[in-house]
Amino acid sequence: MNTTRPLKLYTTSHCHLCELALELVLQQCSAEQLMLIEIADDDCLLKSYGTRIPVLQRTDTLAVLCWPFNGTDIRQFLSA
């Protein structure tokens, strides 16, 4: 399912779960629709998401989907 809603994926380097999440998200939307946000570059983001990454966020509703998630979860999240 493709969506025109911009998405953010909160992530950090050397995060195996973040790599898995990115693969799953890219099965549901194009790379142009996704912004990767490095949480280590921002103390506020690190505090908010440090123990929850990867986290997918819709920019239209600000809803978040925290790991663990799968393709079905992402499709439901995007269509809600």
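Up top you'll find the structure we're talking about.
Everything numeric in this text was worked out from a predicted model, so none of it was measured. (Residues numbered from 1 in each chain as written. Predicted model: local features only at pLDDT ≥ 70, side-chain atom pairs only at ≥ 80, totals over all residues. Heavy atoms only, no water.)

Colleague: Describe the overall build of the protein chain, with residues and values.
Modeller: A tally of helices and strands in the protein chain yields 3 helices and 4 strands. For the protein chain, the α and β elements follow one another from N to C terminus as β-α-β-α-β-β-α. In terms of C-alpha radius of gyration, the protein chain reaches 12 Å, essentially the compact-globule figure of 12 Å for 80 residues. Structurally, the protein chain occupies a C-alpha span of about 35 × 25 × 20 Å along its principal axes. Across the protein chain, the fraction of contacts at a sequence separation of at least 24, relative to all contacts at a separation of at least 6, is 63%. Charge-centre separation for the protein chain: the mean point of 6 positive side chains lies 11 Å from the mean point of 9 negative side chains. (Helix = DSSP H or I, 4+ residues; strand = E, 2+ residues; numbered from the N terminus. Rg over C-alpha atoms; globule rule 2.2 N^0.38 Å. Contact = heavy atoms within 4.5 Å. Lys, Arg positive; Asp, Glu negative; His and termini not counted. Charge placed at Lys NZ, Arg CZ, Asp CG, Glu CD.)

Colleague: Could you give an account of the state of the cysteines, with specific residues and numbers?
Modeller: Taken as a whole and assessed by the stated rule, the structure comprises 1 disulfide. In this model Cys 15 forms its disulfide with Cys 18; the gap between the sulfur atoms is 2.4 Å. Sign of the S-S torsion, about 70° for the bond between Cys 15 and Cys 18, identifies this disulfide as right-handed. Free cysteine Cys 29: the closest other cysteine sulfur is in Cys 18, separated by 15 Å. With no disulfide partner, Cys 44 has as its closest neighbouring cysteine sulfur the one in Cys 66, 16 Å distant. Classification of Cys 44 by relative accessible area gives exposed; the value is 58%. (Disulfide = S-S within 2.5 Å. Buried < 20%, exposed > 50% of the residue type's maximum accessible area, 1.4 Å probe, protein only.)

Colleague: If you had to explain the packing of aromatic side chains to someone new, which residues and values would you point to?
Modeller: Under the counting rule described, the total for this entry stands at 2 aromatic pairs. Residues Trp 67 and Phe 69 carry aromatic rings whose centres are separated by 5.0 Å and whose planes lie at 70° to one another, so their mutual orientation is edge-to-face. Under the relative-accessibility criterion, Trp 67 is labelled partly exposed at 23%. (Phe/Tyr/Trp six-rings, centres within 6.5 Å; stacked < 30°, edge-to-face > 60°.)

Colleague: Talk me through the sheet that holds strand 1 (residues 7–11); I want residue IDs and the actual numbers.
Modeller: One open sheet holds the 4 strands; their spatial order is 2-1-3-4, and the pairing between them is mixed. Both outer strands of the open sheet, strand 2 (34–38) and strand 4 (64–66), are each paired with one neighbouring strand and no more. Across the sheet, the mean angle from the axis of one strand to that of its neighbour is 20°, orientation sign disregarded. Two elements, strand 1 and strand 2, share 5 bridges in a ladder whose sense is parallel. (Pairing = 2+ DSSP bridges. Axes fitted to C-alpha atoms, helices over the stretch in contact; angles between N-to-C directions.)

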